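# Observations on the three-dimensional arrangement
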Amino acid sequence: MKIGWRLMEEKKRAVAGREDEEGSSEMGCRRMRRRMSRPLVQEVFDLCKDVFRGPGSVPSPTDVQEMRLILDRMTPADIGLSEDFFFNNNRAVNETPRMRYMHIDECGNLFSIGVFLLPQSATIPLHDHPGMTVFTKLLFGSVRLRSYDWVEPFEPEDDLPSQIALAKLKVDDVFRAPCNAFVLYPASGGNLHCLQAVTPCAVLDVLGPPYSVHDGRDSTYYQEFPYSSFSGAAHVAEDETDQYRWLEKIEQPSLQVGPADYAGPEIIKGF
Ligand SMILES: [Fe+2]
């Protein structure tokens with residue numbers, strides 16, 4: 001069973017050195033060396049093929065844990081990025097730093113893998129990932145992440161503009177690489193989120209299923225209002241009101257996102 005095999009692979013890595021000392025068979029050592037030499041980004045791609053099962057599905061807790069184990073080990077070097085890229089080669093001379101997206105790979109309607117490269121102070125406005133599970137790994141730099149989940153079910157006690165609903169704060173903090181991966185589920189974990197680069201940073205996103213305007217999987221953008229703006233429409237404990245925001249749908253803000261070339265290890269589809 002593939003899942004079992006993957007778990008075994010992780011365990012084998014952990015004890016590989018000890019096994020070598022204990023004199024594992026020559027064939028076992030060769031197999032181990034081959035697995036260990038597989039680039040991490042290739043491991044992510046291969047695992048995605050098992051973890052993401054198409055629209056309407058959510059990875060199992062076991063699959064999520066396996067993906068996190070791999071992502072938690074990733075560094076910028078694993079996708080061919082160096083600090084030099086951020087501070088020298090990310091732009092032409094005299095060009096204003098701008099946000100870039102580095103597409104790494106994808107697989108039909110199952111998943112996509114890519115990296116946002118954000119210059120200092122760049123912001124990805126509050127948006128959602130409808131029906132998607134998102135693994136987000138900060139590879140480099142510092143970023144402020146703020147995320148929400150919808151309060152559901154929610155019946156307003158007072159008139160509310162139709163495009164506004166109540167959300168509860170999930171995370172509002174600054175993170176600095178290296179740090180562990182986040183997981184945003186379709187209806188929990190902070191699927192609604194925004195990012196602001198405290199320093200130049202690189203954020204790896206593994207999405208499943210990927211964006212598809214045709215299938216209704218396009219991000220919606222929101223602006224936030226404090227709970228007090230429409231406090232008559234909901235009943236929240238007084239000492240918790242700072243944990244809630246009203247979110248209103250807005251048109252997609254103008255985002256200047258340029259491309260960036262992927263210079264990491266080649267992804268082999270049939271590994
Ligand atoms: Fe996002």
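Residues numbered from 1 in each chain as written. Predicted model: local features only at pLDDT ≥ 70, side-chain atom pairs only at ≥ 80, totals over all residues.

## Notes on the overall build of the protein
Definition in use: Secondary structure follows DSSP: runs of H or I at least 4 residues long count as helices, runs of E at least 2 residues long count as strands, and numbering of each begins at the N terminus. Three exposure classes are used, all based on how many other C-beta atoms lie within 10 Å of a residue's own C-beta (placed from the backbone): buried at 20 or more, exposed at 12 or fewer, and partly exposed between those limits. By definition, residue pairs are in contact when their C-beta atoms, positioned from the backbone, come within 7 Å.
On a plain count of helices and strands, the protein comes out with six helices and 12 strands. Sorting the 271 residues of the protein into buried and exposed places 28% on the buried side. Nonlocal contacts in the protein, meaning residues at least 24 apart in sequence, comprise 78% of its contacts between residues at least 6 apart.

## Notes on the nonpolar core
The condition is simple: Each nonpolar core reported here comprises buried Ala, Val, Leu, Ile, Met, Phe, Trp, Tyr and Cys residues connected via C-beta atoms within 7 Å.
Among the nonpolar cores identified, the biggest contains 41 residues, and V44, C48 and V203 are the most heavily contacted of them. Broken down by secondary-structure element, the contributors of at least two residues to this core are α4 (40–51), α5 (61–71), β2 (111–118), β4 (133–140), β5 (142–150), β7 (182–184), β8 (192–197) and β9 (201–208). Look past the residues within four positions of V203 in its chain and what remains in contact with it is V115, F116, L118, T136, L138, V143 and L195. Counting nine residues, the second-largest nonpolar core is a separate cluster that includes Y148, A167, L192 and Y222.

## Comments concerning the confidence of the model for the protein
Regions with low pLDDT carry predicted coordinates that are not meant to be interpreted in detail. Cut-off, in case you're wondering: pLDDT measures how confident the predictor is about each residue, on a scale from 0 to 100.
Looking at the protein as a whole, the pLDDT averages 84, with 82% of positions reaching at least 70. The low-confidence segment residues 1–24 (pLDDT under 50) makes 15 contacts with residues lying over four places distant or belonging to another chain.

## Focus on unusual backbone geometry
Between E152 and the following residue, P153, the backbone shows a cis peptide bond with an omega angle of -5 degrees. As for its position among the elements, P153 is in the loop between β5 and β6 (164–176). In the segment running from A177 into P178, the intervening peptide bond is cis, with an omega of 0 degrees. Here P178 shows up in the loop between β6 and β7. Non-glycine residue S121 carries a positive phi angle of around 80 degrees. Within the element layout of this structure, S121 appears in the loop between β2 and β3 (123–127). Owing to 11 C-beta atoms within 10 Å, S121 belongs among the exposed residues under this scheme.

## Thoughts on α5
The α-helix winds at 3.6 residues per turn, so residues separated by three or four positions along the chain end up facing the same way. Heads up, the rule is: Relevant arc is that of directions from the helix axis to the C-beta atoms, nothing else.
Within the sequence span of α5, burial applies to E66, M67, I70 and L71. One side of α5 holds all its buried residues, which, seen down the axis, span an arc of 130 degrees.

## A word on the pairing of β2
Stated precisely, the cut-off is as follows: Paired strands, as defined in this entry, are two strands with at least two bridges between them according to DSSP.
Within β2, seven of the eight residues are buried, leaving the element largely enclosed by the surrounding structure. Sheet topology note: the strand β1 (residues 99–107)/β2 ladder contains seven bridges and is antiparallel. The residue of β2 that forms the bridge with Y101 is F116. Taking the residues between adjacent antiparallel strands as the criterion, β1 and β2 are bridged by three residues, where G108 takes a positive phi near 45 degrees. Relative to β9, β2 runs antiparallel, the two sharing seven bridges. The residue bridging V115 from the neighbouring strand is L204, located in β9.

## What about α4?
To keep it simple, the criterion reads: Expected helix span is taken as 1.5 Å per residue step, with the number of steps being one fewer than the number of residues.
Compared with the 16 Å implied by 1.5 Å per residue over 12 residues, the 16 Å span of α4 between its first and last C-alpha is a close match. Those residues of α4 not exposed but buried are V41, E43, V44, F45, L47, C48 and V51.

## Focus: the sheet that holds strand β12 (residues 257–259)
Our working rule: Orientation is described by axes fitted as lines to C-alpha atoms, over the contacting stretch for helices, and by angles from 0 to 180 degrees between their N-to-C directions.
The six strands are arranged β7-β4-β9-β2-β1-β12 in an open sheet whose pairing can be described as mixed. Each of the sheet's edge strands pairs with one partner strand only, and the pair in question is β7 and β12. Taking each pair of neighbouring strands and ignoring which way they run, the sheet shows an average axis angle of 25 degrees. Two elements, β1 and β12, share three bridges in a ladder whose sense is parallel. Bridged to M99 within β12 is V257.

## Some points on the packing of α4 against α5
When two helices pack together, their arrangement is given by the angle between the helix axes and the distance between those axes. Going by this rule: Should an angle fall under 35 degrees it is taken as roughly parallel, and over 145 as roughly antiparallel, whereas 65 to 115 is taken as roughly perpendicular and any remaining angle as oblique. Under this grouping Gly is polar, as are all residues other than the nonpolar Ala, Val, Leu, Ile, Met, Phe, Trp, Tyr, Cys and Pro and the charged Asp, Glu, Lys and Arg.
Close contact between α4 and α5 brings their axes to 10 Å; oriented N to C, the two are set at 170 degrees. The angle between the axes of α4 and α5 places the two elements in the roughly antiparallel class. On α5, the residues that touch L40, E43, V44, L47, D50 and V51 of α4 are D63, E66, M67, I70 and L71. Residue composition of the contact of α4 with α5, grouped by class: seven nonpolar, no polar and four charged.

## Overview of the environment of Y262
Locating Y262 in the fold gives a position in the segment after β12. Sequence separation between Y262 and I104 is 158 residues, and the spatial gap between their C-alpha atoms is 6.1 Å. Residues in contact with Y262, not counting those within four places in the same chain, are I79, G80, M102, H103 and I104.

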